[in-house]
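# Observations on the three-dimensional arrangement
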Amino acid sequence: QVQLVESGGGLVQAGGSLRLSCASSEPSFSYYDMGWVRQAPGKEREFVANIGWSGDSTYYANSVKGRFTISRDNPKNTLYLQMNSLKPEDTAVYYCAQKRRIPGDGTRRDEYDYWGPGTQVTVSS
């Protein structure tokens, strides 16, 4: 069973920045694409970004493109999400997830089989 643990969430003013981290217990972390997904109160989980196993390929939701950067450190088994120019509408619980080794662009929930418990990000106006 893979354990994923997010950290780095908190309260920040609009325009500010936060860096989320996700530590993985997967011994073969570098074999798997990873993603970030968020869920705002009363809304469905929403794809944010994903990154290929080597870190060479990334993909972002239009709502965060140009403001968020996904990255990974494979020797440290850690995934990151740098969030800049935060907006109140970015307020959500942010989850990291490990993608199944199946074809797909990583934008759908069913492409991921392990999830962290989430970390709260709150952006005040």
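Residues numbered from 1 in each chain as written. Predicted model: local features only at pLDDT ≥ 70, side-chain atom pairs only at ≥ 80, totals over all residues. Heavy atoms only, no water.

### Focus on the overall build of the protein chain
The number of helices and strands found in the protein chain is zero helices and eleven strands. The linear arrangement of helices and strands in the protein chain, starting from the amino end, is β-β-β-β-β-β-β-β-β-β-β. Against the compact-globule benchmark of 14 Å for 125 residues, the protein chain has a radius of gyration of 13 Å, which places it among compact chains. For the protein chain, the C-alpha atoms occupy an extent of roughly 40 × 25 × 25 Å along the three principal directions. Across the protein chain, every contact between residues at least 6 apart in sequence was considered, and the portion connecting residues at least 24 apart equals 56%. Accessible surface computed for the protein chain: about 6500 Å², of which carbon and sulfur atoms make up 46%. Averaged over its 14 positive side-chain charges, the protein chain has a centre that lies 2 Å from the centre of its 13 negative ones. (Helix = DSSP H or I, 4+ residues; strand = E, 2+ residues; numbered from the N terminus. Rg over C-alpha atoms; globule rule 2.2 N^0.38 Å. Contact = heavy atoms within 4.5 Å. Areas by Shrake-Rupley, 256 points an atom, 1.4 Å probe, with all protein chains shown as cover. Lys, Arg positive; Asp, Glu negative; His and termini not counted. Charge placed at Lys NZ, Arg CZ, Asp CG, Glu CD.)

### Describing unusual backbone geometry
It is generally the case that most residues other than glycine have a negative phi and that most peptide bonds are trans. Unlike most non-glycine residues, N77 shows phi in positive territory, near 55 degrees. If you trace the backbone, N77 turns up in the loop between β7 (68-73) and β8 (78-83). Phi is positive for S85, which is not a glycine, with a value near 50 degrees. With respect to the secondary-structure elements, S85 resides in the loop between β8 and β9 (92-99).

### Some thoughts on the state of the cysteines
Using the criterion set out here, one finds one disulfide in the structure. Here C22 is linked by a disulfide to C96, with a sulfur-sulfur distance of 1.9 Å. Looking along the S-S bond of the C22-C96 disulfide, the torsion reads about 45 degrees, which is the right-handed sense. Separated by 74 residues along the polypeptide, C22 in strand β3 (residues 18-24) and C96 in strand β9 bring together distant segments of the chain. (Disulfide = S-S within 2.5 Å.)

### Overview of the side chain of Q98
Tracing the backbone through its elements, the reader meets Q98 in strand β9. Apart from the residues lying within four places of it in its own chain, the contact partners of Q98 are V2, L4, S24, E26, Y32, D33, M34, E111, Y112, D113 and Y114.

### Some points on the nonpolar core
Counting 30 residues, the largest nonpolar core has W36, L79, L81, M83 and Y94 as the members making the most contacts within it. Residue assignment for this core shows that the elements contributing at least two residues are β3, β4 (34-39), β5 (45-51), β7, β8, β9 and β11 (119-124). (Core = buried A, V, L, I, M, F, W, Y, C linked by side-chain atoms within 4.5 Å. Buried < 20%, exposed > 50% of the residue type's maximum accessible area, 1.4 Å probe, protein only.)

### What about the environment of Y95?
For Y95, the position within the fold is in strand β9. In this structure the C-alpha to C-alpha distance between Y95 and C22, which are 73 residues apart in sequence, comes to 8.6 Å. Discounting residues that sit within four places of it in the chain, Y95 has contacts with E6, G35, W36, V37, Q39, R45, W115, G116, P117 and G118.

### Some details on the layout of surface pockets
There is about 160 Å³ of room inside the largest pocket. Taken together, 13 residues make up the lining of the largest pocket; nearest its centre are R38, K43, E46, E89 and D90. Split into classes, the residues belonging to the lining of the largest pocket amount to two nonpolar, three polar and eight charged. (1 Å grid on protein atoms, 1.4 Å probe; cavity = no way out; pocket = protein on both sides within 12 Å on 5 of 7 lines; lining within 4 Å. Points joined across faces, edges and corners; volume = space filled by probe spheres on them. Nonpolar A, V, L, I, M, F, W, Y, C, P; charged D, E, K, R; others polar.)

### Quick word on the sheet that holds β8
What the four strands build is an open sheet, ordered β1-β3-β8-β7; its pairing is antiparallel. Two strands lie at the open edges of the sheet, namely β1 (4-7) and β7, each paired on one side alone. Each strand of the sheet is rotated relative to its neighbour by a mean of 15 degrees, with strand direction disregarded. Across four bridges, the pairing between β1 and β3 is antiparallel. Bridge pairing in β3 links L4 to S24. (Pairing = 2+ DSSP bridges. Axes fitted to C-alpha atoms, helices over the stretch in contact; angles between N-to-C directions.)

Honestly, it's all geometry; don't read function into it.
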